[in-house]
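Observations on the model geometry
Residue strings, one per chain:
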Amino acid sequence: MSLSTNRMDKVTALREARRNKQPIVAFSGNEAEFTLEEGYAVQRALLEMALADGEELAGFKMGLTSRAKQRDVGVDSAIHGFILKSQEEEKGGTVNLGHRIHPRVEPEVAAVLGKPLGETPPTLREVRLAVSGLFPALEILDSRYQGFSFRLPDVVADNTSASGFMLGHQDLTGYGGELPWLGVSMKKNGELIDTGCPAAVFGDPLLSVLALAKEFYKAGRVLSPGSVILTGGLTAAMPITPGDFVEVIWPNESLSFRCI
Ligand code: OOG
Ligand code: MG
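What counts, and where the lines are drawn
Residues numbered from 1 in each chain as written. Chains lettered and ligands numbered in written order. Predicted model: local features only at pLDDT ≥ 70, side-chain atom pairs only at ≥ 80, totals over all residues. Heavy atoms only, no water. Near = heavy atom within 4 Å. Polar contact = N/O pair within 3.5 Å; in protein donor to acceptor, adjacent residues only side chain to side chain. Areas by Shrake-Rupley, 256 points an atom, 1.4 Å probe, with all protein chains shown as cover. 1 Å grid on protein atoms, 1.4 Å probe; cavity = no way out; pocket = protein on both sides within 12 Å on 5 of 7 lines; lining within 4 Å. Sits in = over half its atoms within 2 Å of the grid points. Helix = DSSP H or I, 4+ residues; strand = E, 2+ residues; numbered from the N terminus. Nonpolar A, V, L, I, M, F, W, Y, C, P; charged D, E, K, R; others polar. Phe/Tyr/Trp six-rings, centres within 6.5 Å; stacked < 30°, edge-to-face > 60°. Buried < 20%, exposed > 50% of the residue type's maximum accessible area, 1.4 Å probe, protein only. Lys NZ or Arg CZ within 6 Å of the ring centre and 35° of its normal.

**Topic: the site of ligand 1**
By nearness alone, 17 residues border ligand 1, and L64, K69, E106, S161 and G233 come closest of all. At 2.7 Å from an oxygen atom of ligand 1 is found a main-chain nitrogen or oxygen belonging to L64. Its free accessible area being 320 Å², ligand 1 has 100% of it covered by the protein chains. Among the cavities detected, the one that contains ligand 1 is the largest cavity. Those elements giving two or more residues to the shell around ligand 1 turn out to be β1 (57-63), α3 (67-73), β5 (104-113) and β6 (131-141). Here the element with the most residues in the shell around ligand 1 is β1; it accounts for three residues. Residues of the shell around ligand 1, tallied by class, amount to seven nonpolar, five polar and five charged.

**A look at the packing of aromatic side chains**
The full count for this structure, using the stated rule, is five aromatic pairs. A ring pair is formed by F60 and F216, whose centres lie 4.8 Å apart and whose planes are at 70 degrees; its orientation type is edge-to-face. Taken together, the positions of F60 in strand β1 and F216 in helix α6 (residues 205-218) put the pair 156 residues apart, joining distant regions of the chain. Note on accessibility: F60 and F216 belong to one class, buried. An angle of 55 degrees between the planes, with centres 6.3 Å apart, marks the rings of Y145 and F150 as tilted. Looking at Y145, the relative accessible area reads 0%, which means it is buried. Looking at F150, the relative accessible area reads 10%, which means it is buried. Each residue in the set F27, F34, Y145, F148 and F150 is aromatic and connected to the rest through ring pairs, giving one cluster. Directly above the ring of F27 sits K10, whose terminal nitrogen or CZ lies 5.5 Å from the centroid. A cation sits over an aromatic face here: R104 above F148, 3.7 Å from the ring centre.

Here it is as structure tokens:
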């Protein structure tokens, strides 16, 4: 089988798994030679097909940028994926889990870009100048693999388990150097499940934006203004089922939703 046939088989399997809500066995179990590079090639093909279906890009996400998340899924290096406009959920509303397999939620910080990044070798200074806002956010994950079980190339191919996201409205940039130390709590049905702070992400979520910008620069790609960048989960992800009421509580804003 040629490389591209094999790649398209994976793309089809992942799309079918999502559509049919039937998780598949991770590819790397049967295919020792499945590389990280090939995982990214599968992810790119998924993005191209989504755009051909009429989807619009909202931005990008970093994953496995905190020790909590790396322990959560047993994979220990940062990865990136894309997020689509149709995946955005409104805060305070309901989130439909009907089309998801085994959803989980995690608190994150989202950066919004006011300027492009990646045209020149990115530095932290450029990242600070390019980020126009930092917002409380959460991500909804849904692995297309059985048991949320995968290795690095698999989860990259599956667009880093991306399924949904929610953004707050209160800009956090005013906290300046204090931002990494803001406390975040995550509750389910009123019960405290986990706590964290943005320092969990590389010590400062802006360093996650920098890591993404460096990857883009290396690949000859640019992060365009207006892009939303999810910088990575602060805590382990929390499983959710219909009926659950979820709250992610920041000092200046809460993100909540009811699962249906
Ligand atoms: C992989 C996606 C990781 C994050 O924020 O660390 C991620 C997974 O946990 O399934 O989105
Ligand atoms: Mg995430």
